[in-house]
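The primary structure of each chain is shown beneath.
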Amino acid sequence: LGLALTAAPVAAAGENDAASAEAALRAFLRSFANCDLPAMEAAFAPDATSFDALTASAGAALPAKDSMKRHPGMPLTMRRIAERLPKERPGPPYHRPDLIDDLLVQVVGDVAICAFHFDSPNRLGRRTIVLARRGSTWRILHLHASNLQL
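Residues numbered from 1 in each chain as written. Predicted model: local features only at pLDDT ≥ 70, side-chain atom pairs only at ≥ 80, totals over all residues. Heavy atoms only, no water.

What is the right way to read helix α1 (residues 17–33) from this model?
Side chains that are three or four residues apart share a direction in an α-helix, a result of its 3.6 residues per turn. Its 17 residues give α1 an end-to-end C-alpha distance of 24 Å, which sits within 8% of 24 Å, the value for a rise of 1.5 Å per residue. Every buried residue of α1 is accounted for by Ser20, Ala21, Ala24, Leu25, Ala27, Phe28, Leu29, Arg30, Ser31, Phe32 and Ala33. Positioned one or two residues after α1, Cys35 has a phi angle of 55°, which is positive. (Helix = DSSP H or I, 4+ residues; strand = E, 2+ residues; numbered from the N terminus. Expected span 1.5 Å × (residues − 1). Buried < 20%, exposed > 50% of the residue type's maximum accessible area, 1.4 Å probe, protein only.)

Would you mind showing me how to read the packing of aromatic side chains here?
Each aromatic ring pair is described using two quantities: the centre-to-centre distance and the angle formed by the ring planes. In the structure shown here, the tally under the stated rule is two aromatic pairs. Aromatic side chains Phe28 and Phe44 sit 5.5 Å apart centroid to centroid with 85° between the ring planes, which places their arrangement in the edge-to-face category. Residue Phe28 is located in helix α1, and its partner Phe44 is located in strand β1 (residues 44–51); the two are separated by 16 residues in the primary sequence. An identical accessibility class is assigned to Phe28 and Phe44; each is buried. Measuring from ring centre to ring centre gives 5.6 Å for Phe116 and Phe118, while their planes differ by 90°; the resulting arrangement is edge-to-face. With respect to burial, Phe116 and Phe118 carry one shared label: buried. (Phe/Tyr/Trp six-rings, centres within 6.5 Å; stacked < 30°, edge-to-face > 60°.)

Looking at this structure, I do not really get the pairing of strand β4 (residues 101–108). What am I missing?
Walk down a regular strand and you will see the side chains alternate between the two sheet faces. In the sheet, β4 pairs with strand β5 (residues 111–119) via six bridges, with the strands oriented antiparallel. Each bridged residue has a counterpart across the sheet, and for Val108 the counterpart in β5 is Val111. The antiparallel hairpin formed by β4 and β5 contains two residues in its connecting segment, where Gly109 sits at a positive phi of about 60°. (Pairing = 2+ DSSP bridges.)

As structure tokens, then:
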């Protein structure tokens, strides 16, 4: 699954943790829209994990089992998109993963759970991104992506 603002991780504000976590999330999504791979990588914690996007549709064959398991770091599909789109499209932005719906940010201590979706006529993309505050910065600790064909 870009705007003019920076894509660097955003410092966490003690008074409004949910707002600072949301700002970090949106900065990451802008870096993805711009296919800014260094900024995308900087948003992930060194010990981050991910479940890559899987598109589920009735009657479709599932990918290899190992590709559906947890992997370290940024999802491979996300990395491939950031490498490929600048070669194929004008931009930035090259695509619009920053246009999200129904964002919910829940903060418990130094952890923020961000759940949202992308709604299109043929697909529902669901995302859960877990941020961890490391020092004064929110970093992605886990990203879970799934897509449903409608």
